[in-house]
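# Coordinates in review
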Amino acid sequence: MRTHILLSRWFPAVSSALFASALIAQTNTGYNQPDKPILDVMHAPEPPRPFVSPTRDNILLVTEQQYPSIDRVAAPFLRLAGARVEPANHSKHDTPGGYGITPCASSYEVVHIADSKTIPVRLPAGSCAGQPSWSADGKHFAFANIRATSVELWMGDTSTGAIHTIPGVALNPMFGDDFQWLGGSHMLLVKLVPAGLGPIPTVPAAVSGPGIQESIGGKGASSTYEVRDTLTNKHDEDLFDYFADSQLALVDAATAAVDSIGKPANFFEVAPAPDARHILLTSLLKPYSYITTYDRFPKNVEVWDIGDPHAVASHTLFSLPLADRVPVHGVPTGPRDFSWRATDPATLVWAEALDGGDWNQTVPNRDKVMLLKAPFTDQPKEVERTAQRFGGFLWSEKAIASLLYQEDENRHWLHVDVVNIDDLSQKPHTLWDLSYDDSYANPGSPVTRHLPNGVSVMRMEGDSIFLSGRGASPEGLHPFLDRLNLSTGKSERLFRSDRSSLEVFLSFPEGSDTHRFFTWHQSPTNPPNTFLRTLGNSVTASTGEATLASAAAPVTHISDYTPAVRAIKKRLVRYKRADGLDLSFTLYTPPGYQEGTRVPTILYAYPLDYASASQAGQVTSSDQTFTRLHEYQLLLLAGYAILDNASFPIVGDPKKAYDTYLDQLVADANAAIAEGVRIGVVDPDRVGVTGHSHGALMTANLIAHTDLFKAGVATSGSYNKTLTPFGFQNERRSVWEATDTYFKVSPFFYADKFKHPLLIVHGEEDANPGTTPIQAKLLYEAIRGNGGTARLVMLPHEPHWYTAMESNEQLVYEMIRWFDTYVKNTPSHENSKH
């Protein structure tokens, strides 16, 4: 397997030995690896993730395989209108959005909370187990398992950890919803590959004619992010139909019996109602589009009554047309966002745009909210009109107190009302009205619970709800649990994580017990583990804040798999931009670091857009997480300090914030480096910069427009924004409306100005429409053609986020080699002073 590498030229100062090593790496027919201490950390297992059962008496600890082999990543796949499907087994090759490869679990463990007893689950040999799904009674769990020729359905017993496959079931996960528990029963609703599907459509032996598209007027751009892996011809359409075709069926978890329901179709979304009798189905219809992804294809929306699985009654609700002219950042016209009301047996809710789906329109109301009850023969009932875009309902245990969410993308604003849609004479009252960029004011998310039928609703105790939040503050994240009375608006703090750890609320125990709750606790030296806390008057250590949470008892006992990493220290550092804007980064220092010593340093950042300066500089990270190293962070083991997640806000009106993007980018970088120098860690003569995706655009621009950095590493970036002409990030204007802005933010047009070396890394199968591989190749050619220093590494088979172990080893090898050459080993004026 070859890692494709191109090198433009090396500075004369580089030694002949380094030049020789460069040639060796360039002609290497295999992958390179970093040194063993770094490999040991990369090969260590990740801490598991907890999945608490609906009955809150068991936890599934799931450890995912962090880096699969290149053979797994290199599995052949088809590009089908935004879905990547492996034809050998009908599995979905990528994660939602196309940013990575579908992950596999390497281990499951069942933890009985009452006694902390742990039962290992023996996954099948050579398996690729997915994320588990609990039954409503917590007695079973189900998971998909990818095999060479099919995607199997497996069932697990909570009490014993025993698992078994369901014979004859081959899931179709192309659009998701491939299996889900049906209400509180022991039945699962599944999407299967139809029996007797036949062979895969073959490529025609002869070209039957040209591919043709035609526009006959009418504006309506497709967003940059809606043109991923689109269909191109009739054969693509045939392949899409072949792999999208699904057969619905019911699977009995107790007996393993499988009963088909209805006829196969291209089922997109499948959602059972709370009564477990009705199913909301969205199927995809022709004509397909060659310029947008499957979620914009024509749809048929219907409800099936499966009271008798062998005589299904169907109610067609809507036939929705092709939506290939949706405004950028807008929504389709007509009914959309269908869901079931959680507290009714079978009541549908959806929204319809009143502004043409266009945020540019000034209207009194953007959406209307509709409701329709079973048997779905009456006219839909309008229950609400929203001033801003409908964001959905959160249903509570009590009908009089559900939450209605609205979002204003023009102002980055969130509005939440308490509503009773059963009594429209009651005027909704505002619960929250705030910027969704304002992390310090974020009240948290309502805590939910599972009803016996498996439906999740907002938990209530009297007139009160519970809120779990991240607890952003100038000192970092301090997660909390509050109780909020909806009648009085009074809030009571039950728990807040102290400053010596990061402890997040998980759930309450089973039943109505709200005096105890589970948390996920970690610190820089202690791996994540589940704790059980009991309410009782106390004071949060190091903050002096009175809370009601006191005693904590461990439930899980997860070990530290990378003890060598504990020698790395980190702390939150706050500072200001030249214009007074508050900023921060997390400073990591390498093992053995001596305070006051200046060392080579790497800055990592990802610029974020903000509508208001008051929220732009807020601290939204924590220096109390359990230290784990990935990608650029592994440079710590090579002797570098890291300014991690440095604040790089781009502040301004969302309609035109990118007009000042470059100036703000340089100001952000100047402030971060100046602070690192001021505190005595950063050697100003030996600083590098790196970033991924939008951070790669930042990296290239900083190398082109400043002298702050000796070298940069840009991964999976977009460097010529004219190739994404209908918007990027939060920029909504087209290149024809903001031509100067598109050129100024694009380092491609400044390739003759690059002052320092740039390593460009990209996945050859990047599915993100904004960062197609051609972006990396064109920037490299532009720098090379203008006499600059650059290196291009194209990672075979990799998507936007690099997945394979071999690819990640190569990435770390390249980064260390690049920064050692151009940053660490360059002359330092600081060193010459001593």
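Attention in this report is confined to the structure presented alongside it.

What counts, and at which threshold
Residues numbered from 1 in each chain as written. Predicted model: local features only at pLDDT ≥ 70, side-chain atom pairs only at ≥ 80, totals over all residues. Heavy atoms only, no water. Helix = DSSP H or I, 4+ residues; strand = E, 2+ residues; numbered from the N terminus. Expected span 1.5 Å × (residues − 1). Buried < 20%, exposed > 50% of the residue type's maximum accessible area, 1.4 Å probe, protein only. Pairing = 2+ DSSP bridges. Axes fitted to C-alpha atoms, helices over the stretch in contact; angles between N-to-C directions. Contact = heavy atoms within 4.5 Å. Salt bridge = Lys/Arg side-chain N within 4 Å of Asp/Glu carboxyl O. Disulfide = S-S within 2.5 Å. Core = buried A, V, L, I, M, F, W, Y, C linked by side-chain atoms within 4.5 Å. Phe/Tyr/Trp six-rings, centres within 6.5 Å; stacked < 30°, edge-to-face > 60°. Polar contact = N/O pair within 3.5 Å; in protein donor to acceptor, adjacent residues only side chain to side chain. Lys, Arg positive; Asp, Glu negative; His and termini not counted.

### As for helix H7 (residues 694–705)
The end-to-end C-alpha separation of H7 is 17 Å, in line with the 16 Å expected for 12 residues at 1.5 Å each. Burial runs high along H7: 11 of the 12 residues are buried. His 694, Gly 695, Ala 696, Leu 697, Met 698, Thr 699, Ala 700, Asn 701, Leu 702, Ile 703 and Ala 704 are the residues of H7 that are buried.

### So, the sheet that holds strand E22 (residues 347–353)
The strand order across the open sheet formed by four strands is E21-E22-E23-E24, and the pairing between neighbours is antiparallel. Strands with a single pairing partner mark the edges of an open sheet, and in this sheet they are strand E21 (335–340) and strand E24 (381–386). Strand-to-strand twist across the sheet, computed as the mean angle between neighbouring axes with direction ignored, equals 25°. Judged from the five bridges that link them, strand E23 (residues 367–373) and E24 form a sheet pairing that is antiparallel. Along E24, the bridge assignment pairs Asp 367 with Thr 386.

### A few points about the sheet that holds strand E8 (residues 117–121)
In space, the four strands of this open sheet follow the order E2-E3-E7-E8, with antiparallel pairing throughout. The sheet is open, and its two borders are formed by strand E2 (49–52) and E8, each paired with just one other strand. Neighbouring strand axes in the sheet, compared pairwise and without regard to direction, differ in orientation by 25° on average. Where E2 lies against strand E3 (residues 58–64), four bridges are found, and the strand directions are antiparallel. Its bridge partner being in E3, Val 52 is matched across the sheet by Ile 59.

### Observations regarding the environment of Val 41
When you line up the elements, Val 41 lands in helix H2 (residues 36–43). Between the C-alpha atoms of Val 41 and Trp 350, which are 309 residues apart in sequence, the distance is 48 Å. Residue contacts for Val 41: discarding those within four places in its chain leaves Thr 562, Val 565, Leu 629, Leu 634 and Leu 637.

### Looking at the pattern of salt bridges
Applying the stated criterion to the full structure yields 44 salt bridges. Measuring nitrogen to oxygen at the nearest pair gives 2.9 Å for the salt bridge that ties Asp 355 to Arg 389. Placement of the pair is Asp 355 in the loop between E22 and E23 and Arg 389 in strand E25 (residues 389–394), with a sequence separation of 34 residues. Like Asp 355, the residue Arg 389 is buried in the burial classification. Arg 577 is the partner of Asp 668 in a salt bridge, and the nearest nitrogen-oxygen pair spans 2.8 Å. Taken together, the residues span a long stretch of sequence, with Asp 668 in helix H6 (residues 661–678) and Arg 577 in the loop between strand E40 (569–576) and strand E41 (582–589) at a distance of 91 residues.

### Quick notes on the state of the cysteines
Under the counting rule described, the total for this entry stands at one disulfide. Each sulfur in the disulfide pair Cys 104 and Cys 128 lies 1.7 Å from the other. Looking along the S-S bond of the Cys 104-Cys 128 disulfide, the torsion reads about -75°, which is the left-handed sense. Placement of Cys 104 in the loop between strand E6 (91–92) and strand E7 (105–112) and of Cys 128 in the loop between E8 and strand E9 (133–134) is noted, with a sequence separation of 24 residues between them.

### Let's talk about the nonpolar core
Judged by nonpolar contacts, the single largest core of 58 residues is most densely connected at Leu 603, Phe 648, Phe 709, Leu 758 and Ile 760. Not counting residues within four places of it along the chain, the set of residues in contact with Phe 648 comprises Leu 603, Ala 605, Pro 607, Leu 608, Leu 665, Asp 668, Ala 669, Met 698 and Leu 702. Counting 33 residues, the second largest nonpolar core, distinct from the first, contains Met 42, Met 805, Val 812 and Tyr 822.

### Describing the packing of aromatic side chains
Throughout the structure, instances matching the rule amount to 35 aromatic pairs. Between Tyr 108 and Phe 143 the ring centres are 5.1 Å apart and the planes differ by 75°, which places this aromatic pair in the edge-to-face class. Linking Tyr 108 in strand E7 with Phe 143 in strand E10 (residues 140–146), this pair joins segments that are 35 residues apart in sequence. Side by side, Tyr 108 and Phe 143 carry an identical accessibility label, which is buried. Between Phe 728 and Tyr 742, the aromatic rings sit 5.3 Å apart at their centres with planes inclined by 90°, giving edge-to-face as the arrangement. With Phe 728 in the loop between strand E47 (711–715) and helix H8 (739–744) and Tyr 742 in helix H8, this residue pair connects regions lying 14 residues apart in the sequence. We classify Tyr 742 as buried; its relative accessible area is 0%. Each member of the aromatic cluster is reached from another via a ring pair, and the members are Phe 175, Phe 240, Phe 268, Tyr 288, Tyr 294 and Phe 297.

### Quick notes on helix H4 (residues 234–244)
Along H4, eight of the 11 residues are buried, which leaves the element largely enclosed by surrounding structure. By the burial criterion, the buried members of H4 are His 235, Asp 236, Glu 237, Leu 239, Phe 240, Tyr 242, Phe 243 and Ala 244. Those residues of H4 hidden inside the fold are in contact with strand E4 (78–80), strand E5 (83–86), strand E15 (246–252), strand E16 (258–265), strand E17 (267–272) and strand E18 (278–284). For H4, the side-chain oxygen to backbone nitrogen distance between the N-cap and His 235 is 3.1 Å, and the N-cap itself is Asn 233.

### Brief notes about the side chain of Lys 299
The topology assignment puts Lys 299 in strand E19 (residues 299–305). Here Lys 299 sits buried without a salt bridge, and the closest side chain of opposite charge, Asp 295, lies 6.6 Å off (N-O distance). A polar contact of 2.4 Å, which involves the side chain of Lys 299, links it to the backbone oxygen of Asp 295. Within the structure, the side chain of Lys 299 is placed 3.3 Å from the backbone oxygen of Phe 297, a separation counted as a polar contact. Residues in contact with Lys 299, not counting those within four places in the same chain, are Phe 268, Thr 282, Ser 283, Leu 284, Leu 285, Phe 318, Ser 319 and Leu 320.

### So, the environment of Thr 519
With respect to the helices and strands, the residue Thr 519 is situated in strand E37 (residues 516–522). Between the C-alpha atom of Thr 519 and that of Ser 716, which follows or precedes it by 197 residues, the distance is 36 Å. Excluding residues that lie within four positions of it along the chain, Thr 519 makes contacts with Glu 503, Val 504, Phe 505, Leu 506, Asn 529, Thr 530, Phe 531 and Arg 533. At a separation of 2.6 Å, a polar atom in the side chain of Thr 519 contacts the side chain of Glu 503.

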